[in-house]
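Fold and geometry: a report
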Amino acid sequence: MKIAHISDLHFGSLSRPVSEVLIRHFQADKPDLVVVSGDITQDATCSEFEEARAFFDLLPMPVFCIPGNHDLPGMDMERFYDPWGRYKRFIAEDLEPELKTDLVHLKGINTARRVLAHWNWANGSVSQRQCRDIQRSYADATAPWRVFVMHHPVMNAREMPLQVSLFNRNRLLKCLDDVRVDIVLAGHQHHAYVENRLTGGHTTIFVNASTTTSLRIRRQPNGFNMLNFTDKAVRIDRMELKDEAFHIYEAVTHTKV
Ligand SMILES: [Fe+2]
Ligand SMILES: [Fe+2]
């Protein structure tokens, strides 16, 4: 099974040629599923969401999507009285989807908040209710791979272009350890990396994606991750844009013990 992990598309501040290269890549390579780890839009306007909807409709495979902090209206009253109304109308009703296949059990949560007890509302948070949902979701999982999706990264890269705070981070890490999640997919930093965490003999792989299509790149070019699953192994290809095409920049293979 092949899953493409894209992130931080930022419709409204998106490179049209890059999005076209991406569509062509997916039409040729045919992943079974596309996972989007948030920041679909730049300013959460209706026209940006409309463009994103049209883009998803062009993809010939299903899309598993969660929101990011940019998918909340900015300084707009709608942020406070109906923060996710536009996302729900154009993208998906469910902000925290779940998908079970024979090989992979996917669960997503929404870490973006309309308000935070912090000067920077771009940061994220995880609630007790969300940790309970994660536990419930994986309790009866029979697929060999447990994949979790969120926007704000819970692990930090060795070299970070952007400081991120995820409130209740330790609570989430403990929860992910308890349910023995195999892979965590995230975005937000516009910076791709793969970090392993070993707890009680179990490895969790934290996979971050660069921005796939945004004009706001940091230290890396546009990119995404392609995950190739078999029963016992996963190969994670970090794809980067070069010469108007996406190429494998680095491949990491992990085998279950
Ligand atoms: Fe972003
Ligand atoms: Fe973000």
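Going by the structure above, here's the rest.
Residues numbered from 1 in each chain as written. Chains lettered and ligands numbered in written order. Predicted model: local features only at pLDDT ≥ 70, side-chain atom pairs only at ≥ 80, totals over all residues.

1. Focus on the nonpolar core
Here is a general trend for soluble globular proteins: nonpolar side chains tend to be buried in one another's company. Residues Ile 91, Val 147, Val 149, Ile 183, Val 184 and Leu 185 are the most contacted members of the largest nonpolar core, which totals 59 residues. Ignoring sequence-local partners within four residues, the contact set of Val 147 consists of Val 104, His 105, Leu 106, Asp 182, Ile 183 and Leu 185. (Core = buried A, V, L, I, M, F, W, Y, C linked by C-beta atoms within 7 Å. Buried ≥ 20, exposed ≤ 12 C-beta atoms within 10 Å, placed from the backbone. Contact = placed C-beta atoms within 7 Å.)

2. Notes on the sheet that holds strand S3 (residues 63-66)
With respect to topology, 6 strands assemble into an open sheet ordered S3-S2-S1-S12-S13-S14, the strand pairing being mixed. In the strand order of this sheet, the two ends are held by S3 and strand S14 (245-255), each with one partner. Strand-to-strand twist in this sheet, taken as the mean axis angle between neighbours without regard to direction, amounts to 20°. Two elements, strand S13 (residues 233-242) and S14, share 10 bridges in a ladder whose sense is antiparallel. Bridge pairing in S14 places Glu 240 opposite His 247. Across the sheet, helix H1 (residues 16-29) touches strand S1 (2-6), strand S2 (33-37), S13 and S14, and the angle it forms with S14 is around 55°. (Pairing = 2+ DSSP bridges. Helix = DSSP H or I, 4+ residues; strand = E, 2+ residues; numbered from the N terminus. Axes fitted to C-alpha atoms, helices over the stretch in contact; angles between N-to-C directions.)

3. Examining the sheet that holds strand S10 (residues 193-199)
Spatially, S4-S5-S7-S9-S11-S10 is the arrangement adopted by the 6 strands of the open sheet, whose pairing is mixed. Single-partner strands in this sheet number two, and they are strand S4 (98-100) and S10. The mean angle between the axes of side-by-side strands here comes to 15°, regardless of whether they run parallel or antiparallel. Here strand S5 (residues 104-108) runs beside strand S7 (residues 145-149); their pairing, made up of 5 bridges, is parallel. The partner of Leu 106 across the bridge, within S7, is Val 147.

4. Considering unusual backbone geometry
The backbone phi angle of Asp 8 is positive, close to 50°, even though this residue is not glycine. Tracing the sequence through the fold places Asp 8 in the loop between S1 and H1. For Asp 243, which is not glycine, the phi dihedral falls at a positive 50°. With respect to the helices and strands, Asp 243 occurs in the loop between S13 and S14. Residue Asp 243 is classed as exposed on the basis of its C-beta count, with 5 C-beta atoms lying within 10 Å.

5. Things to note about H1
Taking 1.5 Å of rise per residue, 14 residues should cover 20 Å, and H1 covers 20 Å from first to last C-alpha, within 8% of that figure. Turning to H1, its buried residues are Val 18, Leu 22 and Phe 26. What you see down the axis of H1 is that its buried residues fit within an arc of 75°, all on one side. For H1, exposure combined with an orientation more than 90 degrees from the buried face picks out Arg 16, Pro 17, Arg 24, Gln 27 and Ala 28. Buried residues along H1 sit in contact with S1, S2 and S13. Residue Lys 30 follows H1 closely and has a positive phi angle near 50°. (Expected span 1.5 Å × (residues − 1). Arc of directions from axis to C-beta.)

6. Topic: the environment of Ile 248
Within the element layout of this structure, Ile 248 appears in strand S14. Distance from Ile 248 to Met 226, taken between C-alpha atoms, is 9.1 Å for residues 22 residues apart in sequence. Among residues more than four places away in sequence, those in contact with Ile 248 are Asp 237 and Met 239.

7. Focus on helix H2 (residues 46-58)
Helix length check: H2 (13 residues) gives 19 Å between terminal C-alpha atoms against 18 Å at 1.5 Å per residue, within 8%. All of the buried residues along H2 are Glu 48, Phe 49, Glu 51 and Ala 52. Buried residues of H2, viewed axially, fall in a sector of 155°; they line one side. In H2, the exposed positions that point more than 90 degrees away from the buried face belong to Cys 46, Ser 47, Ala 54, Asp 57 and Leu 58.

8. Regarding the pairing of S10
Pairing geometry for S10 and strand S11 (residues 202-208), over 7 bridges, is antiparallel. For Glu 195, the partnering residue across the bridge sits in S11 and is Phe 206. The antiparallel hairpin formed by S10 and S11 contains 2 residues in its connecting segment, where Gly 200 sits at a positive phi of about 55°.

9. Remarks on the packing of helix H5 (residues 128-139) against helix H6 (residues 169-178)
As a packed pair, H5 and H6 sit with axes 10 Å apart at the nearest point and diverge in direction by 10°. Judged by the angle between their axes, H5 and H6 are roughly parallel. For the pair H5 and H6, contact is made by Cys 131, Ile 134 and Gln 135 and by Arg 171, Leu 172, Cys 175 and Asp 178, respectively. Grouping the amino acids of the contact of H5 with H6 by side-chain chemistry returns 4 nonpolar, 1 polar and 2 charged. (Parallel < 35°, antiparallel > 145°, perpendicular 65-115°, else oblique. Nonpolar A, V, L, I, M, F, W, Y, C, P; charged D, E, K, R; others polar.)

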